[in-house]
Amino acid sequence: MTSTLNLSKPTLIARAQEQMQAQFQVPKRSVREKLALTCRILFDGGHDSGLAGQITARGEQEGTYFTQQLGLGFDEISVSNILLVDEDLTVLEGQGMPNPANRFHSWVYRARPDVNCIIHTHPLHVASLSMLGVPLEVSHMDNCTLYEDCAFLKDWPGVPVGNEEGQIISRALGDKRAILLAHHGMLIAASSVEEACVLALQFERAARMQLLAMSAGKIKPILPELGREAHDWILRPRRSEIGFEYYVRKALKHHVDALE
């Protein structure tokens, strides 16, 4: 005998969320492990652009954060070469130099206490879209994690190694989780490493879909209430954790040294 066919959609959504929370066990991982794994996942997801791009996560002490070592590609990042730095980019733990462009991350962290991880990359389709001077257009269910949650900086402020770029980017981002940077790339500002990783992958896929759709015709918008519903349904902490672990399993098949 069925017992759910007469339940409302909100009830079924709440029920599914409760089941996901109870049924899935997520491995305990350190911040360094999550960052190293995210770098490998992003490399496989088309986010490699030589030495361009940074990933950071807040440290335990105020004004500190973890980041990857400059001079290494995302496919070379492991737990052993993750650095802990302060807002002046002074290395507190680890060997090597952080990316000087990390400076603008400090401005985002200061402006957004809710942000615990930042990913900035130049993936091919996002970078291509950034050249057109148009914002990201979310018109498909899969991409609704970014629905009304992606800002657009239409004027390129130049190489982001100065404090001016930090001020400009953090203001343009506002309270959103993502931003498309014209003539540059993308940035994710998320509550966790897992959420940031999943959103970064989705951002690149959304840009690719937009370019394909634009080449075929005019993109038709989705209903705002349905876009918001999908955004809130997909972008749940447990769902981000489950999705992250899927990408971890894929990555570890080819990147066995990531956790060294």
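- The name given to the chain in an unreviewed UniProt entry is Aldolase, with the source organism recorded as Alcaligenes faecalis.
- What the UniProt record of the chain gives under Sequence similarities (unreviewed entry) is the line "Belongs to the aldolase class II family."

## Side note on the overall build of the chain
For step 1, the next point in the chain: Counting its secondary structure elements, the chain contains eight helices and eight strands.
For step 2, the next point in the chain: The dimensions of the chain, computed from C-alpha atoms along their principal axes, are 65 × 40 × 35 Å.
For step 3, the next point in the chain: Within the chain, buried positions represent 45% of all 260 residues.
For step 4, the next point in the chain: Long-range pairs, those at least 24 residues apart, make up 70% of the contacts in the chain between residues at least 6 apart in sequence.
For step 5, the next point in the chain: Counting only carbon and sulfur atoms, one obtains 54% of the accessible surface of the chain, whose full area is about 13,200 Å².
For step 6, the next point in the chain: Taken together, the 26 basic and 31 acidic charged side chains of the chain have centroids lying 6 Å from each other.

## As for the UniProt feature "domain: Class II aldolase/adducin N-terminal" (unreviewed entry) in the chain
For step 1, the next point in the chain: Under the UniProt annotation, "domain: Class II aldolase/adducin N-terminal" (unreviewed entry) lies at residues 33–211.
For step 2, the next point in the chain: Annotated as 32% helix and 21% strand, the span residues 33–211 places its first and last C-alpha atoms 34 Å apart.

## A few points about the packing of aromatic side chains
For step 1, the next point in the chain: If you walk through the whole model with that rule in mind, you get two aromatic pairs.
For step 2, the next point in the chain: Arranged with centres 5.5 Å apart and planes meeting at 40°, the rings of Y65 and Y109 form a pair that is tilted. You can see Y65 sitting in strand β2 (residues 64–68) and its partner Y109 sitting in helix α3 (residues 103–111), a full 44 residues away along the chain. Here the two residues Y65 and Y109 agree in accessibility, since each one is buried.
For step 3, the next point in the chain: Between Y246 and Y247, the aromatic rings sit 5.1 Å apart at their centres with planes inclined by 55°, giving tilted as the arrangement.
For step 4, the next point in the chain: Note on Y246: relative accessible area 40%, which makes it partly exposed.
For step 5, the next point in the chain: Take Y247: its relative accessible area is 26%, and that puts it in the partly exposed class.

## With respect to the pattern of salt bridges
For step 1, the next point in the chain: Under the criterion given, the structure shown has 13 salt bridges.
For step 2, the next point in the chain: One salt bridge in this structure joins K9 and E229, with 2.9 Å as the shortest N-O distance. Residue K9 is found in helix α1 (residues 9–23), and its partner E229 is found in helix α7 (residues 224–234); the two are separated by 220 residues along the sequence.
For step 3, the next point in the chain: Relative accessible area serves as the criterion here: at 47%, K9 is assigned to the partly exposed category.
For step 4, the next point in the chain: For E229, a relative accessible area of 31% corresponds to the partly exposed category.
For step 5, the next point in the chain: E245 is paired through a salt bridge with R29; the nearest N and O atoms lie 2.9 Å apart. One end of the pair, E245, is in helix α8 (residues 237–252); the other, R29, is in the loop between α1 and α2 (31–44), and 216 residues separate them in sequence.
For step 6, the next point in the chain: Salt bridges linked by common partners bring D149, R177 and E195 together as one network.

## Brief notes about the packing of α2 against α8
For step 1, the next point in the chain: At a minimum axis distance of 9 Å, the contact between α2 and α8 shows a crossing angle of 75°. On the basis of their axis angle, the class for α2 and α8 is roughly perpendicular. Residue-level contacts link K34, L37, T38, R40, I41 and D44 of α2 to F244, Y247, V248, A251 and L252 of α8.
For step 2, the next point in the chain: When grouped by side-chain class, the residues that make up the contact of α2 with α8 number seven nonpolar, one polar and three charged.

## A short note on the sheet that holds strand β3 (residues 82–86)
For step 1, the next point in the chain: Read across the sheet, eight strands follow the order β4-β3-β2-β1-β5-β8-β7-β6 without closing on themselves; strand pairing throughout is mixed. Single-partner strands in this sheet number two, and they are β4 (91–93) and β6 (150–153). In this sheet, adjacent strand axes meet at a mean angle of 25° when their direction is disregarded.
For step 2, the next point in the chain: Where strand β7 (residues 178–181) and strand β8 (residues 185–190) come together, four bridges link them in antiparallel fashion. For A178, the partnering residue across the bridge sits in β8 and is I188.
For step 3, the next point in the chain: Across the sheet, helix α6 (residues 193–216) lies against β1 (54–58), β5 (117–121), β6, β7 and β8, angled at about 150° from β8, the strand it touches most.

Parameters at a glance
Residues numbered from 1 in each chain as written. Predicted model: local features only at pLDDT ≥ 70, side-chain atom pairs only at ≥ 80, totals over all residues. Heavy atoms only, no water. UniProt positions renumbered as here; feature names shortened; annotations may be inferred. Helix = DSSP H or I, 4+ residues; strand = E, 2+ residues; numbered from the N terminus. Buried < 20%, exposed > 50% of the residue type's maximum accessible area, 1.4 Å probe, protein only. Contact = heavy atoms within 4.5 Å. Areas by Shrake-Rupley, 256 points an atom, 1.4 Å probe, with all protein chains shown as cover. Lys, Arg positive; Asp, Glu negative; His and termini not counted. Charge placed at Lys NZ, Arg CZ, Asp CG, Glu CD. Phe/Tyr/Trp six-rings, centres within 6.5 Å; stacked < 30°, edge-to-face > 60°. Salt bridge = Lys/Arg side-chain N within 4 Å of Asp/Glu carboxyl O. Axes fitted to C-alpha atoms, helices over the stretch in contact; angles between N-to-C directions. Parallel < 35°, antiparallel > 145°, perpendicular 65-115°, else oblique. Nonpolar A, V, L, I, M, F, W, Y, C, P; charged D, E, K, R; others polar. Pairing = 2+ DSSP bridges.

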